[in-house]
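# Examination of the molecular architecture
Read off the chains here:
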Amino acid sequence: MRRILVCFLGGVFLLVLGAGLYGRWRQGGVNWELMTRELASLDGGWVAGAAGLAIGSYVVRALRWGVMLAAVKKQGRRFENLLAATAIGSTAVLLLGRIGELVRPYLIARKEGVPVSSQMGVWVVERVYDLLTALILLGYALGQGPVFGGVLTDGLRAGGWALAIGAGAGVAAMAGLAIWPDWAER
């Protein structure tokens, strides 16, 4: 199974790389002088800040995955494994699209010695948390309301706050189920 997955991912990578090179060839190539000039004009502070935020997001995701992994593996979790799998998984998403999301749970399961199905479950829970967080932010933004007045503004504000509160209640319910799992089993 592992060889099949590696061969599949390698084949998809080569296909994407080949398609990209073909597209560049058809468009007349890359203007290396322009690209070099643009890269040289970048502000180093902004680049460092963006890199720091990107690495920080990987660290936070790895820590979050470690918390959810605790239910399956009580001891011996290695942060380095989680961070590496998170970085590789994010790269897979860039190269393969959404199907690359499956790389991270697979790598974590293999590196930590837990069932792949348990990590797929963690992935689903993580997606639900991400969705609820996005809904809270959307609801808050809508709740602030646009600058124009009228019935539409009032409706958007009310709907936005209802969405934010509802999604917040969903996060609270999921957190409650995690804190009191025996209550959830009953």
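Scroll up to find the structure this text is about.
Read on for an overview of the structure. (Residues numbered from 1 in each chain as written. Predicted model: local features only at pLDDT ≥ 70, side-chain atom pairs only at ≥ 80, totals over all residues. Heavy atoms only, no water.)

## Description of the overall build of the chain
In terms of helices and strands, the chain carries eight helices and zero strands. A fraction of 54% describes how many contacts in the chain between residues 6 or more apart in sequence connect residues 24 or more apart. (Helix = DSSP H or I, 4+ residues; strand = E, 2+ residues; numbered from the N terminus. Contact = heavy atoms within 4.5 Å.)

## As for the nonpolar core
Inside soluble globular proteins, nonpolar side chains tend to come together where they are buried. In terms of nonpolar packing, the biggest core is built from 16 residues, with W65, L69, L82, L107 and I108 touching the most fellow members. Among the elements of the structure, helix 3 (44-69), helix 4 (79-96), helix 5 (103-112) and helix 6 (116-144) are those that each provide at least two residues to this core. Looking at this core, the element that brings in the most residues is helix 5, giving five residues. Setting aside residues up to four positions removed in sequence, L82 forms contacts with A62, W65, G66, L69 and I108. (Core = buried A, V, L, I, M, F, W, Y, C linked by side-chain atoms within 4.5 Å. Buried < 20%, exposed > 50% of the residue type's maximum accessible area, 1.4 Å probe, protein only.)

## A look at helix 4
Between the first and last C-alpha of helix 4 there are 25 Å, a value that for 18 residues agrees with the 26 Å anticipated at 1.5 Å per step. Where helix 4 is concerned, the buried positions are N81, L82, A85, T86, G89, A92 and L96. Seen along its axis, helix 4 keeps its buried residues to an arc of 130 degrees; they face one direction. One or two positions beyond helix 4, positive phi appears at G97, with a value near 85 degrees. (Expected span 1.5 Å × (residues − 1). Arc of directions from axis to C-beta.)

## Focus: a nonpolar patch on the surface
Where nonpolar side chains cluster on the molecular surface, the patch consists of F13, L14, L17, L21 and L95 and spans about 480 Å² of accessible area. Sort the elements by how many residues they give to the nonpolar patch and helix 1 (residues 2-26) lands first, with four residues. Among the structural elements, L17 can be located in helix 1. Among the residues examined, L17 registers a relative accessible area of 41% and is labelled partly exposed. (Patch = residues over 30% accessible without salt bridge, like charges linked within 9 Å, V, L, I, M, F, W, Y side chains within 5 Å. Areas by Shrake-Rupley, 256 points an atom, 1.4 Å probe, with all protein chains shown as cover. Salt bridge = Lys/Arg side-chain N within 4 Å of Asp/Glu carboxyl O.)

## Details of the packing of helix 4 against helix 5
At their nearest, the axes of helix 4 and helix 5 sit 8 Å apart, and the two run at 155 degrees to each other. If you check the angle between helix 4 and helix 5, you find them roughly antiparallel. Crossing angle aside, the handedness with which helix 4 passes helix 5 is right-handed. Across the interface between the two elements, N81, L82, A84, A85, T86, I88, G89 and A92 of helix 4 pack against V103, R104, L107, I108, K111 and E112 of helix 5. The residue inventory of the contact of helix 4 with helix 5, partitioned by class, reads eight nonpolar, three polar and three charged. (Axes fitted to C-alpha atoms, helices over the stretch in contact; angles between N-to-C directions. Parallel < 35°, antiparallel > 145°, perpendicular 65-115°, else oblique. Left-handed = near helix turned anticlockwise from the far one by under 90°. Nonpolar A, V, L, I, M, F, W, Y, C, P; charged D, E, K, R; others polar.)

## Observations regarding the packing of aromatic side chains
Think of a pair of aromatic rings as described by two things: how far the centres are apart, and how the planes are tilted against each other in angle. With the rule as written, the count across this model stands at one aromatic pair. Here the aromatic rings of Y140 and W161 are separated by 5.6 Å at their centres, their planes lie at 85 degrees, and the arrangement is edge-to-face. Of this pair, Y140 sits in helix 6 while W161 sits in helix 7 (residues 151-179), and the two are 21 residues apart along the sequence. (Phe/Tyr/Trp six-rings, centres within 6.5 Å; stacked < 30°, edge-to-face > 60°.)

## A short note on the pattern of salt bridges
If you walk through the whole model with that rule in mind, you get 13 salt bridges. Notably, a salt bridge pairs R61 with E126, separated by 3.7 Å at the nearest N-O pair. Placement of the pair is R61 in helix 3 and E126 in helix 6, with a sequence separation of 65 residues. Exposure remark for R61: the relative accessible area of 28% places this residue in the partly exposed category. When its relative accessible area of 0% is taken as the criterion, E126 is described as buried. Note that E112 is salt-bridged to K73, the shortest N-O span being 3.0 Å. Here the residue E112 occupies a position in helix 5, and K73 occupies one in the loop between helix 3 and helix 4, the gap between them amounting to 39 residues.

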